[in-house]
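Observations on chain architecture
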Amino acid sequence: MSAPGALPRLRPLQITPVPLDDGRVFVELRDMLGIAPAPIAVSGAAYFVAVHLDGQHTVADFLRLFRQQTGQELSAADVERVVSILDEHCLLETPRFVAALEEARRRYEAAEARDNRHRAPRADALAAQIAKMLDAGSLQNLVAIGQVRGIVAPHLDYGRGGPAYAAAYSLLTRRPPADRYVILGTNHFGLGAGPVATRKDYQTPLGRTITDRDFISELERRTGVDLCANELDHQAEHSVELQVQILQVCYPGRQLRIVPILCPDLCAAEAASDQRVSGSLPVLSDALAELAAQKGEVTLLIAGADLSHVGLAFGDAERTTPEFMRRVEQTDRGLLSLIEKGDYEGFAASLRASGNATRLCSTGCLYVFARAHRGCRFKLLRYEQTSHLPSDTNVTCAAMVAFSDPWP
């Protein structure tokens, strides 16, 4: 709740520094929920105002804070102009954003499918890219004995995540197609505090994949949660669609059934005051385990999960070094080893203890994946670190498999 006289709160956004050739640095603000039509770039002073828009500061507070932290003066008109521009672009929690959000929800509900074709490559180019990626990095000599129950793959773009995608899907495609695929994604910027499903089919350049609405309804009955209350969160989220497109290439011409579910950050969900949110991930995990165990149809889980996000681009104060990235790998592998042991509660406890210091972004779906597969065995197939040195952007990912019989 905003304080009396306070300026409105900035919405969760993707924030990216943009250095110019003349030494100046602007900051790009991008609405990943897709309500704002395009990103905007703001100056350093405007960014100072933006990041302090927490619903608690007045104009007078901004003038004082800016003077204290920079030694320079900022006028009330400057602050009000920044707020006005941000509001015009629906980047603040204001009535303008609420109205735009409701209109976006109406459009999503009226659409025939959740459609990503406007931002994806053409079908032939996309299929060729995925096929090349899977062929180049597949585990040619690794054969799983027994039943593959689920995989963890990245949700990085295919260029950076290719080797880990290939490692995970090389095992998946060695078994017959499942009757349905429950795809656990990460809710990066959506409004849902708990798990969020959608009943919309997924339309990609490679065709239309059917969403299993009956399965979602049964999940809702078992969990007591309206999983689709915030289904607009799926519109701009990429972590599920990247898995759908790979499945379409792996099983061409087959009508696939999916259950798309976005998971929140594990620690944030646990800390929620609403018990329906704080207990939602364990309840969802147990319901998925029960449904997947039913006879007659095969349900397979896929977690689209990235790991650590470190570097200047993610808010670290200093540029990363090789030694720092080695420590990140140790942290990642330590957490993944807990999943390999089936210790999903230890995984959660370790994250809580560290405050998720390296910013694992898919803690919720990894927890659900591990808990829903209790009784299975797990194997880490591949670990990857990807870096963009100019922007100091570093993201890690992995491929894992859950299986029911001993590993060879």
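Coordinates for the structure precede this section.
One structure accompanies this document, and this report is about it. The model shown is predicted, which means the values in this text are computed figures rather than measured ones.

Conventions and cut-offs
- Note on numbering: residues in each chain are counted from 1, in written sequence order.
- With the structure being a predicted model, the display of local features is reserved for residues of pLDDT at least 70 and the display and counting of side-chain atom pairs for 80 or more, all residues being used for whole-chain, interface and lining totals.
- Heavy atoms from the whole structure form the basis of all side-chain values; hydrogens and water molecules are not counted.
- To qualify as a helix, a DSSP run of H or I must reach at least 4 residues; to qualify as a strand, a run of E must reach at least 2; elements of each kind are numbered from the N terminus.
- Our radius of gyration looks at C-alpha atoms and nothing else; its globule reference is 2.2 Å times the residue count to the power 0.38.
- The classification of residues rests on relative accessible area computed with a 1.4 Å probe and restricted to protein chains. Under 20% of the type maximum is buried, over 50% is exposed, and intermediate values are partly exposed.
- Every residue pair with non-hydrogen atoms within 4.5 Å of one another is taken to be in contact.
- Computed by Shrake-Rupley with a 1.4 Å probe, the accessible areas treat only the displayed protein chains as cover when residues are assessed.
- Think of it this way: Lys and Arg go in the positive column, Asp and Glu in the negative one, and His and the chain ends go nowhere.
- Charged side chains are reduced to one point each, which is NZ for Lys, CZ for Arg, CG for Asp and CD for Glu.
- We define a polar contact as two N or O atoms separated by no more than 3.5 Å, with the added condition that, inside protein, one atom must be a possible hydrogen donor and the other a possible acceptor, whereas residues neighbouring each other in sequence contribute only through side-chain atom pairs.
- In this scheme, strands are said to pair when DSSP sees at least two bridges between them.
- Criterion for a salt bridge: a side-chain nitrogen of Lys or Arg within 4 Å of a carboxyl oxygen of Asp or Glu.
- In summary, the pairing rule links any two rings of Phe, Tyr or Trp, Trp by its six-membered ring, whose centres are within 6.5 Å, and it sorts them by plane angle into stacked for under 30 degrees, edge-to-face for over 60 and tilted for everything else.
- Distance and angle both matter: a charge sits over a ring if NZ of Lys or CZ of Arg is within 6 Å of the ring centre and within 35 degrees of the ring normal.

To continue, consider the overall build of the chain. A count of helical and extended segments in the chain gives 14 helices and 14 strands. For 408 residues, the compact-globule formula gives about 22 Å, and the C-alpha radius of gyration of the chain, at 22 Å, lands near that figure. Considering only C-alpha atoms, the chain reaches an extent of 70 × 50 × 45 Å along its principal axes. Across the 408 residues that make up the chain, the buried fraction comes to 50%. Sequence-distant contacts in the chain: of pairs separated by 6 or more residues, those separated by 24 or more amount to 76%. Summing over all exposed atoms, the chain offers an accessible surface of approximately 18400 Å²; the carbon and sulfur share of this is 52%. Put simply, the chain has 43 plus and 49 minus side-chain charges, and the middle of one group is 5 Å from the middle of the other.

A few words on the side chain of arginine 175. Note on placement: arginine 175 falls in the loop between helix H6 (158-172) and strand S6 (180-186). Polar side-chain contacts of arginine 175 include one of 3.1 Å to the backbone oxygen of valine 148. Excluding anything up to four places from it in sequence, arginine 175 contacts Gln147, Val148, Tyr251, Val298 and Leu300.

This brings us to the pairing of strand S1 (residues 14-19). Examined bridge by bridge, S1 and strand S2 (residues 25-30) share 6 bridges and lie antiparallel to one another. Counted as the bridge partner of threonine 16 is glutamate 28 from S2. Linking two consecutive strands that pair antiparallel, namely S1 and S2, is a turn of 5 residues; a positive phi of about 95° is found at glycine 23 within it.

In this section: the pattern of salt bridges. Tallying each qualifying case throughout the model produces 37 salt bridges. For the salt bridge of arginine 114 with glutamate 241, the shortest nitrogen-to-oxygen distance reads 2.5 Å. Taken together, the positions of arginine 114 in strand S4 (residues 113-115) and glutamate 241 in helix H8 (residues 241-250) put the pair 127 residues apart, joining distant regions of the chain. Take arginine 114: its relative accessible area is 2%, and that puts it in the buried class.

Before going further, it helps to spend a moment on the packing of aromatic side chains. Overall, the coordinates contain 5 aromatic pairs when judged by the stated rule. Between phenylalanine 48 and phenylalanine 66, the ring centres sit 5.1 Å apart and the planes meet at 80°, which makes this aromatic pair edge-to-face. Of the two residues, phenylalanine 48 sits in helix H1 (residues 44-51) while phenylalanine 66 sits in helix H2 (residues 59-70), which places them 18 residues apart along the sequence. Of the residues examined, phenylalanine 48 reaches a relative accessible area of 10% and is grouped as buried. The ring of tyrosine 108 has lysine 200 sitting right over it, with the charged end atom 6.0 Å from the ring centre.

Counting buried positions over the 7 residues of strand S10 (residues 257-263) gives 6, a clear majority of the element. Strand direction decides the pairing type here: S6 and S10, joined by 6 bridges, are parallel. Its bridge partner lying in S10, threonine 186 is registered against cysteine 263. As paired strands, strand S7 (residues 196-197) and S10 are joined by 2 bridges and run antiparallel to one another. Residue pairing across strands places valine 196 opposite leucine 262, the latter belonging to S10. Pairing geometry for strand S9 (residues 207-211) and S10, over 2 bridges, is parallel. Note that in S10 the partner of threonine 211 across the bridge is isoleucine 258.

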